[in-house]
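So you can see what is in the structure, the chains are spelled out below.
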Amino acid sequence: MSGKSIRAEQSAVKILLTSAFVVAIGLIWTGYADTGERILTLRYLLFALSGLVAFATPYLLFPDPNASLIQLGNLNNPSLRSYLFKKISPVAWPVILLFFVILFGDLSGAASHLFLKSVYFLISLILFLAIVIFSAARYVKSGPDSQFWKESEKGKKLRQDAAHYFKYPMDPGSVPSLINTILIVLFGSVPILIGTILQGMYPSYAELFLMTLMLLVAVRVLRSQSDTFVRNYYSTNAFFREFFGSNLKGEEQGERREVEQLWWVPAPIRMHVWQFLVQTDRKLPAGRVVFAGHIVLLFLAYQRPDSGFLLVSWILFSLLHHLFLLLTLNKEMAPGWLHRWIASPAVWFAARFWMQLRWVFPILIGMNVQYFIFGIPDFGIQAIVISIYLLSSALVSVMGSATLSKEAKV
């Protein structure tokens, strides 16, 4: 059995729609920007991707529902590595396409500065691949690393010392993820800062050489596990299966969201919204992720970009909120037959849509905080962002109901 045989393929329609969406976003974002602005946009994007990859990689890879099949098939190191990176590819190729559109989607001069654009496309592509490879290599070791922090005498002492100096108890399950997040962010962001310095002193070849060096380092880190990769995978899969069954500190959640707390949800669908929120909160700490996104957007606003750039940034950020909604399409979280038995697709549509309405107020607060401090985004931009967010919430909710109906018929 190969890794390819157990990986779900993307449909042609989904690939086409995703490509059209990415191209549209890229053209809206930088369609009439000059080459310098395109390069600067890529730097900001790579900064954001460093943090996103550092956070999202374990959620993409673990816990793996195909772990039992992989164990039965007894995949070797190369096949297992190929399988894991193919799991990442559905979210990686749209990013690479966005790089291409940002650089070459020049509506005012498509043939201008082609060589420079090509060099920076390679720079962004190589660094992004390096970040993804390095992140996967680090997180595959999370299981053994957690065991070290939890069971070894040295790990216990380090944890106790850290708790003593920082005056905060450290759970061993959270330590590997914390270390990995810091290392991956530094791995991606430091070369960007160095590249910015090199750009003013040397030709673009120097920056290309630097990113190639980072890729070689990432591959080296991955290959260093050649003898232990399969063992690390099984250990890490077991670790994350236990880890995501509790909160991010690895502790059992003692207090859960109660139905009565959802006062903002209409009574007929309150129970259904509560079900989704409890399940998604166990899988992903939505509040922390959204708060981090607002910090990134404050940083972007501090750079005083033009209104078009900020509009696209807020639209992208608002659309990312739907990743929480997509979790409700997971068969393990929301079996189609069970949901169809409990309520109709129309009820689940209303529940999903109302679930997303909870983010309208935080988005408005974030935009108005920026408006108060920096004078952007204005009320026109805010109205566009909220309108697109509500429309896309309805579309994703419709997709969820359609998926539910399809599963119920199978």
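Residues numbered from 1 in each chain as written. Predicted model: local features only at pLDDT ≥ 70, side-chain atom pairs only at ≥ 80, totals over all residues. Heavy atoms only, no water.

Counting secondary structure elements, the protein chain contains 18 helices and 0 strands. Considering the protein chain as a whole, with its 410 residues, one finds that 45% of them fall into the buried category. Once local pairs closer than 6 in sequence are excluded, the contacts in the protein chain between residues at least 24 apart make up 79%. Carbon and sulfur atoms make up 68% of the accessible area of the protein chain, which amounts to about 21,000 Å² in all. (Helix = DSSP H or I, 4+ residues; strand = E, 2+ residues; numbered from the N terminus. Buried < 20%, exposed > 50% of the residue type's maximum accessible area, 1.4 Å probe, protein only. Contact = heavy atoms within 4.5 Å. Areas by Shrake-Rupley, 256 points an atom, 1.4 Å probe, with all protein chains shown as cover.)

Let's shift gears to the confidence of the model for the protein chain. Any segment with low pLDDT has predicted coordinates that should not be analysed in fine detail. On average, residues of the protein chain carry a pLDDT of 79, and 76% of them reach 70 or more. The weakest mean pLDDT in the protein chain belongs to helix α15 (residues 336-342) at 61; the strongest belongs to helix α5 (residues 114-140) at 93. Low pLDDT, under 50, characterises residues 246-257; the stretch is placed with 26 contacts to residues that sit more than four places away or in other chains. (pLDDT = per-residue confidence, 0-100.)

All chains considered together, the criterion is met by 13 aromatic pairs. The interplanar angle of 85 degrees and the centroid separation of 5.8 Å between the aromatic rings of Phe 100 and Phe 121 together place this pair among those described as edge-to-face. With a gap of 21 residues between them, Phe 100 in helix α4 (residues 77-104) and Phe 121 in helix α5 connect regions that are remote in the sequence. Under the relative-accessibility criterion, Phe 100 is labelled partly exposed at 40%. A centroid spacing of 6.2 Å and a plane angle of 65 degrees characterise the contact between Phe 115 and Tyr 205, whose relative ring orientation is edge-to-face. Placement of Phe 115 in helix α5 and of Tyr 205 in helix α9 (residues 204-223) is noted, with a sequence separation of 90 residues between them. Each member of the pair, Phe 115 as well as Tyr 205, carries the same accessibility label: exposed. Three or more aromatic residues link up through ring pairs in this structure, and these residues are Trp 29, Tyr 44 and Phe 309. A cation sits over an aromatic face here: Arg 81 above Phe 229, 5.9 Å from the ring centre. (Phe/Tyr/Trp six-rings, centres within 6.5 Å; stacked < 30°, edge-to-face > 60°. Lys NZ or Arg CZ within 6 Å of the ring centre and 35° of its normal.)

Running from N to C, helix α2 (residues 35-61) and α4 point in directions that differ by 170 degrees, and their axes come no closer than 12 Å. The orientation of α2 relative to α4 falls into the category roughly antiparallel. Along its contact with α2, which presents Arg 38, Thr 41, Leu 42, Leu 45, Leu 46, Leu 49, Leu 60 and Leu 61, the element α4 presents Leu 84, Lys 87, Ile 88, Val 91, Val 95, Leu 98, Phe 99, Val 101, Ile 102 and Leu 103. In terms of residue class, the contact of α2 with α4 is made up of 15 nonpolar, 1 polar and 2 charged. (Axes fitted to C-alpha atoms, helices over the stretch in contact; angles between N-to-C directions. Parallel < 35°, antiparallel > 145°, perpendicular 65-115°, else oblique. Nonpolar A, V, L, I, M, F, W, Y, C, P; charged D, E, K, R; others polar.)

Assignment of secondary structure puts His 321 in the loop between α13 (307-320) and α14 (322-326). Looking at His 321, the relative accessible area reads 2%, which means it is buried. Within polar-contact distance, the side chain of His 321 engages the backbone oxygen of Phe 317 at 2.8 Å. The contact partners of His 321, leaving out residues within four places of it in the chain, are Val 290, Gln 356, Trp 359, Ile 363 and Tyr 389. (Polar contact = N/O pair within 3.5 Å; in protein donor to acceptor, adjacent residues only side chain to side chain.)

Pairing between side chains becomes possible if they bear opposite charge and their charged atoms approach one another. Summed over all chains, the structure comprises 4 salt bridges. Salt bridges sharing common partners tie together Arg 38, Asp 106 and Lys 117. (Salt bridge = Lys/Arg side-chain N within 4 Å of Asp/Glu carboxyl O.)

Looking now at the nonpolar core. In terms of nonpolar packing, the biggest core is built from 81 residues, with Leu 80, Phe 99, Phe 128, Trp 314, Ile 363 and Val 385 touching the most fellow members. Counting residues in each nonpolar core, the second largest holds 10 residues, with Leu 325, Ala 351, Met 355 and Val 396 among its members. (Core = buried A, V, L, I, M, F, W, Y, C linked by side-chain atoms within 4.5 Å.)

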